[in-house]
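Reading the structure
Residue strings, one per chain:
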Amino acid sequence: MYFITIWMQPDLKIAKPVRLAADGNITAHDVKWMHAEEAKEKEVAHMRMFDIISRKRDGLPLGYEELEYFINGIVDKSIPDYQTTALLMAIYLNGMSNRETSDMCLLMARSGDMMEFSDELVTVDKHSTGGVGDKTSLIVAPMAAAFGLTVAKMSGRALGHTGGTVDKLESIPGMKVDMTLEEFEKAYRKTGICISGQSGNMVPADKILYSLRDVTATISCIPLIATSIMSKKLAAGAKNIVLDVKTGSGAFMENPEEAFALAEKMVRIGLDNGRNVSALVTMMDTPLGYCIGNSLEVMEAIDVLKGGCAGFDLCEVSIALTAELISMASGMDVRAAAREAEKRIKDGSALKKLREMIISQGGNPAVIEDYGLFKQPRTVIEARSPESGYVSSIDAKSIGDVSMNLGAGRSRKTDPIDYSAGIRLAKKPGDRVEKGEVLAYLYTDREDAAGQAGAFLDACEFSRTMTKEKKLILGRVSKDGREVY
Ligand code: URA
């Protein structure tokens, strides 16, 4: 078999070199100027996954039609898994240009249902790449809704050491998070805020690709992560999107430079597909806030919305993320937008929005006043400091694992969750502690959890002197580029 290259007339719609198999309809005798549409049809008819894999293996970019052929083929199952995984590995090794990721992401988003909102709504969405104690969605969404933005958000469940917003909300007695699209629409239209699990057939291409990446060592690849995350955001339909890209020991992207690169790729994809997008790169080497675990995190979010905000890492990130949304949606500068966000806490309107959301999703709003209405844990274990000094670090990843072992998370998708399980920190890095003083309370129903206090202490480090406070928000990526703080 040999290949020929056909150049098409430059004034036609397609003007690029096409490699066609010589054993198909087109032979060396057929080399002639072709009409662009005709050429395209033949190109698709002759497209083979083998050639697409070869191109990427050789470091060449894939065109829109090739990516379309690939995404269509995985969804209609005409492409076998062994070819899909070969291409994933080639992408892992050779990367993808911004044009390729933007095209592939849109094709993935269009592989299933796409949410559409009416033009009069100013829709916003938020995504975090996953952190320990990260309950910012429960604070950002009510603040944004109180500003008049529409938050119609589909969120995920917990897997591994990080939590999921949907599980947290489900810890509120009666709260319904598995909503039909009709229920979802009714709720956000009525209150301007709704957080639900994924419904309908959203982004089937991502489900197929993610499950194959998971078993072929191709998860940690920026173009594949960016297309996976952003395909779900594009399909979810919001016009304004803020991304919280975590970095540090408890994050997916441990290295800040990689976190910025991922943020840039995702922002580019969003902008190329007509959305307003910005990203903050934030530290996740210590848990965010004091609480880790589902109902504990809801209580902490409620405390913040009640005004318990000052000088607190959780508030700093929540306000900064809300400010990005307000700024993108209104054109206000980010500092003024941050003041607007804070005002929604001070005047109680954000808490009111949370209450409205709980009611419209069937939950018991009395939990806001009475935390005793949440399921209570059977056992409280105290983790006490082995020495006097200053807490210098509390490793987020290890704390996420301890929380999971107490019953708050799941290692497999089908594992049950104990909503009352988790950890309440009594000290944070930088705090003074005396030997024997409580560092954290561990909550669980599990009878075999006594060893978790030791595991908690293994995650802590101490020093004789006070350690310098670390930066929490490392920078920002927007349509204007990267700003490092
Ligand atoms: N989260 C996603 O949704 N996709 C990835 O590939 C990684 C993290």
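What you see is a predicted model; the values in this text were computed from it and never measured.

1. Comments concerning the overall build of the chain
Counting its regular elements, the chain contains 17 helices and 16 strands. For a compact globule of 485 residues, the expected C-alpha radius of gyration is about 23 Å, and the chain comes in at 25 Å, within 12% of that figure. In terms of overall dimensions, the chain has C-alpha extents of about 85 × 45 × 40 Å along its principal axes. Taken across its 485 residues, the chain has 55% of its residues classed as buried. For the chain, the exposed surface amounts to about 21200 Å²; the carbon and sulfur share of it is 51%. A distance of 2 Å separates the average location of the 60 positive side-chain charges in the chain from that of its 67 negative side-chain charges.

2. Quick look at the environment of Lys233
Take Lys233: it is sitting in helix α10 (residues 222-236). Lys233 gets classed as buried once you look at its relative accessible area, which sits at 5%. For Lys233 and Arg424, which are 191 residues apart along the polypeptide, the C-alpha to C-alpha distance reads 32 Å. Dropping the residues within four chain positions of it, Lys233 is found in contact with Asp125, Lys126, His127, Lys153, Met154, Ala238, Ile241 and Arg275.

3. Quick notes on the nonpolar core
The biggest cluster of nonpolar side chains holds 138 residues, and the ones touching the most others in it are Phe70, Ile71, Met104, Leu243, Val245, Ile423 and Phe456. Ranked by residues supplied to this core, first place goes to helix α13 (residues 313-330) with 10 residues. When near neighbours in sequence (up to four residues on either side) are disregarded, Phe456 contacts Ala383, Ile399, Val402, Ile423, Leu425, Leu439, Ala440 and Leu442.

4. Considerations on the environment of Arg99
When you line up the elements, Arg99 lands in helix α5 (residues 98-109). By relative accessible area, which is 38% here, Arg99 ends up partly exposed. Taking C-alpha positions, Arg99 is 9.4 Å from Leu62, a pair spaced 37 residues apart along the chain. Setting aside its immediate chain neighbours within four residues, Arg99 contacts Pro61, Leu62, Gly63, Tyr64 and Leu67.

5. Side note on the sheet that holds strand β6 (residues 240-247)
Taking strand neighbours across the sheet as the criterion, the 7 strands line up as β5-β4-β3-β6-β7-β15-β16 in an open arrangement whose pairing is mixed. Strands at the two margins of the open sheet, each flanked by one partner only, are β5 (193-196) and β16 (481-484). Pairwise comparison of adjacent strand axes, ignoring direction, gives a mean angle of 20 degrees for this sheet. Pairing analysis gives 4 bridges linking strand β4 (residues 150-154) to β5, with the strands arranged parallel. Along β5, the bridge assignment pairs Ala152 with Cys194.

6. Quick notes on the environment of Thr165
For Thr165, the position within the fold is in helix α7 (residues 165-170). The exposure class of Thr165 is buried, given its relative accessible area of 14%. Those residues in contact with Thr165 that sit more than four places away from it in its chain are Ser137, Leu138, Ser155, Gly156 and Ile195.

7. Some points on the packing of aromatic side chains
The full count for this structure, using the stated rule, is 4 aromatic pairs. Measuring from centroid to centroid gives 5.3 Å for Phe117 and Tyr188, while their planes differ by 70 degrees, and the two rings are edge-to-face. You can see Phe117 sitting in the loop between α5 and β3 (123-128) and its partner Tyr188 sitting in helix α8 (residues 181-191), a full 71 residues away along the chain. Judged by its relative accessible area of 14%, Phe117 is buried. Pairwise contacts between aromatic rings join Phe117, Phe184 and Tyr188 into one cluster. Note that Lys428 overlies the ring of Tyr290, its terminal NZ or CZ placed 5.5 Å from the centroid.

8. Quick word on the packing of helix α4 (residues 81-94) against helix α9 (residues 204-214)
For the pair α4 and α9, interaxial distance at closest approach is 10 Å and the crossing angle is 75 degrees. Taken together, the axes of α4 and α9 lie roughly perpendicular to each other. Counting all contacts with α4, which are made through Asp81, Thr84, Thr85 and Leu88, the residues of α9 involved are Leu209, Leu212 and Arg213.

9. A short note on the site of the ligand
Inspection of the region around the ligand gives Tyr210, Arg213, Ile225, Ser228, Ile229, Lys232 and Phe252 as its neighbouring residues. One of the side-chain nitrogen or oxygen atoms of Arg213 is found 2.9 Å away from an oxygen atom of the ligand. Within the contact set of the ligand, an oxygen atom lies 2.5 Å away from a side-chain nitrogen or oxygen of Lys232. Here the ligand, which alone exposes 230 Å², has 85% of that area covered by the protein. Spatially, the ligand is embedded in the largest pocket. Listing elements by their share of the shell around the ligand, those giving two or more residues are α9 and α10. Among the elements that take part in the shell around the ligand, α10 stands out by supplying 4 residues, more than any other. Looking at the shell around the ligand residue by residue, the class counts come to 4 nonpolar, 1 polar and 2 charged.

10. Overview of a nonpolar patch on the surface
On the surface, Met89, Tyr92 and Leu93 cluster together into a nonpolar patch covering about 280 Å² of accessible area. Here Met89 lies in helix α4.

11. So, the sheet that holds strand β9 (residues 379-384)
With respect to topology, 4 strands assemble into an open sheet ordered β8-β11-β13-β9, the strand pairing being antiparallel. Of all strands in the sheet, those with a lone pairing partner are β8 (291-292) and β9, marking the two edges. Here β9 pairs with strand β13 (residues 438-444) via 6 bridges, running antiparallel. In the sheet register, Ala383 faces β13, and the bridge partner there is Ala440. Contacting β8, β11 (422-425) and β13, helix α16 (residues 396-406) runs over the sheet at an angle of about 130 degrees to β11.

What counts, and where the lines are drawn
Residues numbered from 1 in each chain as written. Predicted model: local features only at pLDDT ≥ 70, side-chain atom pairs only at ≥ 80, totals over all residues. Heavy atoms only, no water. Helix = DSSP H or I, 4+ residues; strand = E, 2+ residues; numbered from the N terminus. Rg over C-alpha atoms; globule rule 2.2 N^0.38 Å. Buried < 20%, exposed > 50% of the residue type's maximum accessible area, 1.4 Å probe, protein only. Areas by Shrake-Rupley, 256 points an atom, 1.4 Å probe, with all protein chains shown as cover. Lys, Arg positive; Asp, Glu negative; His and termini not counted. Charge placed at Lys NZ, Arg CZ, Asp CG, Glu CD. Contact = heavy atoms within 4.5 Å. Core = buried A, V, L, I, M, F, W, Y, C linked by side-chain atoms within 4.5 Å. Pairing = 2+ DSSP bridges. Axes fitted to C-alpha atoms, helices over the stretch in contact; angles between N-to-C directions. Phe/Tyr/Trp six-rings, centres within 6.5 Å; stacked < 30°, edge-to-face > 60°. Lys NZ or Arg CZ within 6 Å of the ring centre and 35° of its normal. Parallel < 35°, antiparallel > 145°, perpendicular 65-115°, else oblique. Near = heavy atom within 4 Å. Polar contact = N/O pair within 3.5 Å; in protein donor to acceptor, adjacent residues only side chain to side chain. 1 Å grid on protein atoms, 1.4 Å probe; cavity = no way out; pocket = protein on both sides within 12 Å on 5 of 7 lines; lining within 4 Å. Sits in = over half its atoms within 2 Å of the grid points. Nonpolar A, V, L, I, M, F, W, Y, C, P; charged D, E, K, R; others polar. Patch = residues over 30% accessible without salt bridge, like charges linked within 9 Å, V, L, I, M, F, W, Y side chains within 5 Å. Salt bridge = Lys/Arg side-chain N within 4 Å of Asp/Glu carboxyl O.

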